[in-house]
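Each chain, written out:
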Amino acid sequence: MQLGVIGLGRMGGNIARRLMQGGHRCVVYDRDAKAVAELAKDGAVGAANLEAMREALTAPRIVWVMLPAGAPTDQTVEALGAILAPGDTVIDGGNSFYRDDIRRANALAARKITYMDVGVSGGVWGLARGYCMMVGGDKAAVEHIDPILRSLAPGVGDIPRTRRSPDADPRAELGYIHAGPVGSGHFVKMVHNGIEYGLMQAYAEGFDILRSKMASALTPDEQFDLHLADIAEVWRRGSVVSSWLLDLTAQALAADPGLETYAGAVADSGEGRWTLEAAIEEAAPAPVLAAALFARFRSREDHTFGEKLLSAMRFGFGGHVEPPPTS
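Note that the structure is a prediction, hence the values are computed from the model and not measured.

Undergrad: Could you clarify how one ought to interpret the packing of helix 9 (residues 184-211) against helix 12 (residues 271-282) in this entry?
TA: Each packed pair of helices is defined by two parameters, the angle between the axes and the distance between the axes. Packing of helix 9 against helix 12 leaves a shortest axis separation of 8 Å and a crossing angle of 105 degrees. With respect to helix 12, the axis of helix 9 lies roughly perpendicular. Between helix 9, through Phe187, Met190, Val191, Asn193, Gly194 and Tyr197, and helix 12, the contact on the second element is made entirely by Glu271, Gly272, Trp274, Thr275, Ala278 and Glu282.

What follows is the structure in structure tokens.
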């Protein structure tokens, strides 16, 4: 198939490359002309602007947008709505808020332009491993782009196959699903990222406990100088906590045992907050995901005013003095 790809960053560029490897024709655009030139070297057709992309694609056109959530995606989708024709399709493959998808789809429907949302997981490894995708949109539209999704997906691979019902959707074990109507793809991806926060925080806290087993507060016979890289490596093999995130942890600890190259200030990209908002709206308890998000906020602070107030209250009612800083 042919399609346009807008946004050639860490994921967008590799999505275009994987599609070209699958035999698809990609017309690419990015505000950074160097990024366009790099993709052109790999076989893509470079476009200088959105209008040039439109002209390089044969109707009915498919345009995949891979930009940061919010204004960049909104502005681009709005611009595409003004220049594309009835029957064309716009796909948002970024991490947009699912309600924004519903709004955009309604706006484009007035021009008879199809809108779809695709939650994409795979990061910088997707070019080699493939991408896990959760798609929201009309059934016929999703079926129309199936060759694109199939090329991007990892396929069955060597993962043991789950015993599933004979009438189960075969696409799931290939690495992509039609989640439901517009917005559902990004909603499922949003919760996926909320879970990711919780998993990552659990690993982080566990390894913190292991590392702190040499704390001076412990008696010498209870102090263990544990080799964290070895622990991460052995947990990868046969352990119930093995995962790709643990694979990445093992790699990081092997390369930099003290993680000296990292400051520990952890960003959040929005999906964790949106997941908790959904949990509140649904009255669905999510204490682990909430704690994981707040831990990221805390990682970006020195001691807060609230923590100083806690110390003041403890000193006030019991004369408790703050402990000395730990190394």
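Undergrad: I tried to follow the environment of Gly175 on my own but got confused; where do I start?
TA: For Gly175, the position within the fold is in the loop between helix 8 (146-152) and strand 8 (176-180). With relative accessibility at 15%, the residue Gly175 sits in the buried group. On a C-alpha basis, the gap between Gly175 and Ala292 in space is 27 Å, while along the polypeptide they are 117 residues apart. Those residues within four positions of Gly175 in sequence are excluded, and the remaining contacts are Tyr131, Cys132, Met133, Ala153 and Pro154.

Undergrad: Explain the nonpolar core to me, please; I cannot follow it from the model alone.
TA: Residues Leu3, Cys26, Val28, Trp64, Met133, Ile148 and Leu152 are the most contacted members of the largest nonpolar core, which totals 32 residues. Per-element tally for this core: the top contributor is helix 1 (residues 12-21), with four residues. Those residues in contact with Cys26, other than ones at most four positions away along the chain, are Leu3, Val5, Ala16, Leu19, Met20, Ala44 and Val45. Of all hydrophobic cores here, the second largest spans 18 residues; its members include Val27, Leu50, Leu84 and Val90.

Undergrad: I tried to follow the pattern of salt bridges on my own but got confused; where do I start?
TA: Any two side chains of opposite charge can pair if their charged atoms end up close together. Applying the stated criterion to the full structure yields 19 salt bridges. Between Glu38 and Lys41 there is a salt bridge, with its nearest N and O atoms 3.2 Å apart. A residue pair is termed a helical-turn pair when its members lie 3 or 4 positions apart in one helix, as Glu38 and Lys41 do in helix 2 (residues 33-41) at three residues. In this structure, Arg103 engages Asp74 in a salt bridge whose closest nitrogen and oxygen atoms are separated by 3.1 Å. In this pair, Arg103 is assigned in helix 5 (residues 98-109) and Asp74 in helix 4 (residues 71-83), connecting sequence segments 29 residues apart. Using a relative accessible area of 42% as the deciding quantity, one classes Arg103 as partly exposed. Several salt bridges converge on common partners, so that one network encompasses Asp74, Asp92, Asp100, Asp101, Arg103 and Arg104.

The rules behind each value
- Residues numbered from 1 in each chain as written.
- Predicted model: local features only at pLDDT ≥ 70, side-chain atom pairs only at ≥ 80, totals over all residues.
- Heavy atoms only, no water.
- Axes fitted to C-alpha atoms, helices over the stretch in contact; angles between N-to-C directions.
- Helix = DSSP H or I, 4+ residues; strand = E, 2+ residues; numbered from the N terminus.
- Parallel < 35°, antiparallel > 145°, perpendicular 65-115°, else oblique.
- Contact = heavy atoms within 4.5 Å.
- Buried < 20%, exposed > 50% of the residue type's maximum accessible area, 1.4 Å probe, protein only.
- Core = buried A, V, L, I, M, F, W, Y, C linked by side-chain atoms within 4.5 Å.
- Salt bridge = Lys/Arg side-chain N within 4 Å of Asp/Glu carboxyl O.

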